[in-house]
Amino acid sequence: MGLFEGKTALIFGVANDRSIAWGIAQALHREGCELAFSYGAPPLEKRVRPLAESVGAKLVEECDVGDDAAIERLFKKVQETYGTIDVLVHSIAFADRRDLQGRFVDTSRDGFKMALDISAFSLVALTRAAEPLMTNGGSILTLTYYGSVKVAPQYNVMGVAKAALESCVRYLASDLGSKGIRVNAISAGPIKTLAAAGVAGFKKILTYSEQASPLRTLVTIEDVGNTALWLLSDWSRGVTGEIVYVDAGWNIMGLTVPLEHLDEMK
Ligand code: NAP
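Residues numbered from 1 in each chain as written. Predicted model: local features only at pLDDT ≥ 70, side-chain atom pairs only at ≥ 80, totals over all residues. Heavy atoms only, no water.

Would you take a moment to explain the sheet that holds strand 6 (residues 181–188) for this structure?
Sheet strands pair by backbone hydrogen bonding; their relative direction is either parallel or antiparallel. Taken in spatial order, the 7 strands of this open sheet run 3-2-1-4-5-6-7, and their pairing is parallel. Each end of this open sheet is capped by a strand with a single partner; those strands are strand 3 (59–62) and strand 7 (243–246). Here the strands of the sheet are splayed against their neighbours by 20 degrees on average, with no regard to which way each runs. The pairing of strand 1 (residues 8–12) with strand 4 (residues 87–90) spans 4 bridges and is classified as parallel. Note that in strand 4 the partner of leucine 10 across the bridge is leucine 88. Running at roughly 170 degrees to strand 3, helix 3 (residues 68–82) makes contact with strand 1, strand 2 (34–39), strand 3 and strand 4 of the sheet. (Pairing = 2+ DSSP bridges. Helix = DSSP H or I, 4+ residues; strand = E, 2+ residues; numbered from the N terminus. Axes fitted to C-alpha atoms, helices over the stretch in contact; angles between N-to-C directions. Contact = heavy atoms within 4.5 Å.)

Following this line, the structure appears as structure tokens:
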């Protein structure tokens, strides 16, 4: 019997089979979870629907998380289809490509608002909508990156949005803990996905992370999916408001130059 037998998860953020949310969905499916999917924009349906159908999803619906009415419509359908849910996965981020290059100081007001709205506030909006459906308690998970804590080249406004997101995780965890609803984040190392391709110089970040992290490897969507299983299941029932790193250990390093390269430096 799977760990998630009899449970239902609503997953936001599958764009294709490279998406981190897809790694999480596959892990939940393996453990017997019923899955529902929401995608951001109509052109994505042709990629998301076959994936969703391959894991037997009954509900695959569009929802732009920047639109309150769309969120309301979606959760009404989720309630009609499933009644209650146990798991919410928020694997969404967006910033204008122009703000993911050059200097952070040049971020526009609109670019700042957009990044914070879609990448951080949306967790608050989705959690608020999910709360009445989590009558048996639940577990909510979002995805973040270390650029929230330290400056990562070109990550710019997204680093600020992720800092806000991580703070949202703590406040939401505090609000909802008494209802048995837990809220946590996974801070993943760099993974080649659609969203990541928007960050200038991402290929170099991949190479560098692989060479300088303690495990000398890149993490995969399967690695994130497996840690997500723990955070979304009762195995972590004493854990809420936490940021769990799945980054091959990168965040523990004080000196992030591959040791092998130190001798080559003048
Ligand atoms: P991805 O496959 O491109 O997923 C990003 C998702 O965000 C897409 O499904 C996209 O859907 C959705 N999205 C964007 N704007 C939206 C909106 N207004 N409404 C609804 N959905 C929207 O890339 P990913 O790397 O898996 O990203 C998932 C999460 O992991 C993000 O929060 C990202 O910051 C985080 N993360 C990624 C990495 C990495 O290196 N890849 C590392 C750490 C954390 P549409 O395309 O339909 O808009």
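Teacher, can you tell me more about unusual backbone geometry here?
Outside of glycine, negative phi angles account for most residues, and trans bonds account for most peptide bonds. Positive phi values are uncommon outside glycine, yet glutamine 154 reaches one of about 70 degrees. Mapping glutamine 154 onto the fold places it in the loop between strand 5 (138–144) and helix 5 (156–176). Although it is not a glycine, asparagine 156 sits at a positive phi angle of roughly 40 degrees. Examined against the element boundaries, asparagine 156 turns out to sit in helix 5.

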